[in-house]
Amino acid sequence: MELKMLDWDSAFFEKKIFSVQLNNYDNIDEVEFQLQNENADLAYIFIPVNSEIENKVAEKSNLVLFDHKLTYKMILSEKVFQTVENVEETDADPDDDFISLAISSGVHSRFALDPSLNHKFEELYGLWLRNSLNKKLADKVFVTKSNDFITSFITCKIKNEIGNIGLIATHADYRGKSLGRNLINHVHHWYLQNNINVSEVVTQQSNAIACAFYGNYGFEISQEDLVYHWHFKK
Ligand SMILES: CC(C)(COP(=O)(O)OP(=O)(O)OC[C@H]1O[C@@H](n2cnc3c(N)ncnc32)[C@H](O)[C@@H]1OP(=O)(O)O)[C@@H](O)C(=O)NCCC(=O)NCCS
């Protein structure tokens, strides 16, 4: 078991928050004891899908499943990605429309679904966008525009030789016109220029459109995890 206090989440949500990665041999009662000892308000519990511990976790009534997390992976070597001219990089301060677009990328997230956290969901995604534009959370932010209106965007970061897509969304009026595909092509082109051959992106199984989008693009699921929220009453 790996139990970690999350300083950033704790400060943002004004709760004492931990993350716990559980494995089959962990004892859930012991975990509960440790979290109570730490005076935890909330723990994000991560377990691999179809693991034996899933049944024990499901038995605890105050543990709620908020995310079936899918990690999609693609090996890029020997592929060629066409870039299109209308994708541009930005680091400009976001306007309200851009922030709304960022929020739209998170509507299936556990922070939008958990009633104890969702009052901060929009602020969280707005901050995620700002911290991507100022390079704290992303290396690059690319957008497409119609005049000055941002029609789609993507954020990405290279870490441990893997390119990670953070946020991606196309404005509802512009979906199905290959903007999302073009953005990923652009990011993959940039990864390859930087000798990065592996691309990953995480989404929720409940986001059927995103799953179809990544699957159709050529990504394959490389990992599945369940994420429970365990709130402790004081
Ligand atoms: C997922 C999303 C970014 C796709 O953007 P998009 O610009 O509409 O996607 P594209 O037009 O490039 O679609 C490329 C392929 O994805 C698949 N796809 C896209 N939308 C789909 C839908 N509604 N249903 C099924 N497949 C879909 C198709 O296979 C499509 O290829 P095709 O047009 O040849 O059939 C967009 O739907 C979106 O912004 N969703 C809300 C935000 C979100 O969920 N972001 C992902 C967070 S992880």
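Source: prediction; values computed, not measured.

**Q** Describe the pairing of strand E3 (residues 42–48), listing the residues and the values that go with them.
**A** In summary, the side chains of a regular strand alternate between the two faces of the sheet. Burial analysis of E3 places six of its seven residues in the buried class, which makes it a mostly covered element. With five bridges connecting them, strand E2 (residues 17–21) and E3 associate as parallel partners. Bridge pairing in E3 links isoleucine 17 to leucine 42. With helix H2 (residues 28–37) bridging E2 and the parallel E3, this β-α-β connection has right-handed handedness. Strand direction decides the pairing type here: E3 and strand E10 (residues 220–231), joined by seven bridges, are antiparallel. When the bridges of E10 are listed, leucine 42 appears paired with histidine 231.

**Q** Outline the packing of aromatic side chains, supporting the account with residue identities and numerical values.
**A** Considering all chains together, one arrives at 14 aromatic pairs under this definition. Summarising the aromatic geometry, the rings of tyrosine 125 and tryptophan 128 are spaced 5.2 Å apart at their centres and angled 50° between planes, so their arrangement reads as tilted. Here tryptophan 128 and tyrosine 125 lie together in helix H6 (residues 121–133), a separation of three residues that amounts to about one turn. Their ring planes at 50° and their centres at 6.1 Å tell us that tryptophan 190 and tyrosine 191 sit as a pair that is tilted. The burial state of tryptophan 190 is the same as that of tyrosine 191; both residues are buried. Among the aromatic residues, those joined into a ring-pair cluster are Trp8, Phe12, Phe13, Tyr44 and Phe111.

**Q** For the site of the ligand, give the residues involved together with the corresponding values.
**A** Inspection of the region around the ligand gives 21 residues, with Thr170, Gly176, Ser178, Arg181 and Asn207 positioned closest. Isoleucine 168 places a main-chain nitrogen or oxygen 2.9 Å from a nitrogen atom of the ligand. Here an oxygen atom of the ligand and a backbone polar atom of arginine 181 are 2.8 Å apart. In the complex, 74% of the free accessible area of the ligand, which totals 920 Å², lies under the protein chains. Elements that contribute at least two residues to the shell around the ligand include exactly strand E8 (162–170), helix H7 (179–193), strand E9 (198–204) and helix H8 (208–217). Of all the elements, H8 adds the most residues to the shell around the ligand, at six residues. Residues belonging to the shell around the ligand are distributed by class as follows: nine nonpolar, nine polar and three charged.

What counts as what
- Residues numbered from 1 in each chain as written.
- Predicted model: local features only at pLDDT ≥ 70, side-chain atom pairs only at ≥ 80, totals over all residues.
- Heavy atoms only, no water.
- Buried < 20%, exposed > 50% of the residue type's maximum accessible area, 1.4 Å probe, protein only.
- Helix = DSSP H or I, 4+ residues; strand = E, 2+ residues; numbered from the N terminus.
- Pairing = 2+ DSSP bridges.
- Right-handed = clockwise from strand over helix to strand, strands pointing away.
- Phe/Tyr/Trp six-rings, centres within 6.5 Å; stacked < 30°, edge-to-face > 60°.
- Near = heavy atom within 4 Å.
- Polar contact = N/O pair within 3.5 Å; in protein donor to acceptor, adjacent residues only side chain to side chain.
- Areas by Shrake-Rupley, 256 points an atom, 1.4 Å probe, with all protein chains shown as cover.
- Nonpolar A, V, L, I, M, F, W, Y, C, P; charged D, E, K, R; others polar.

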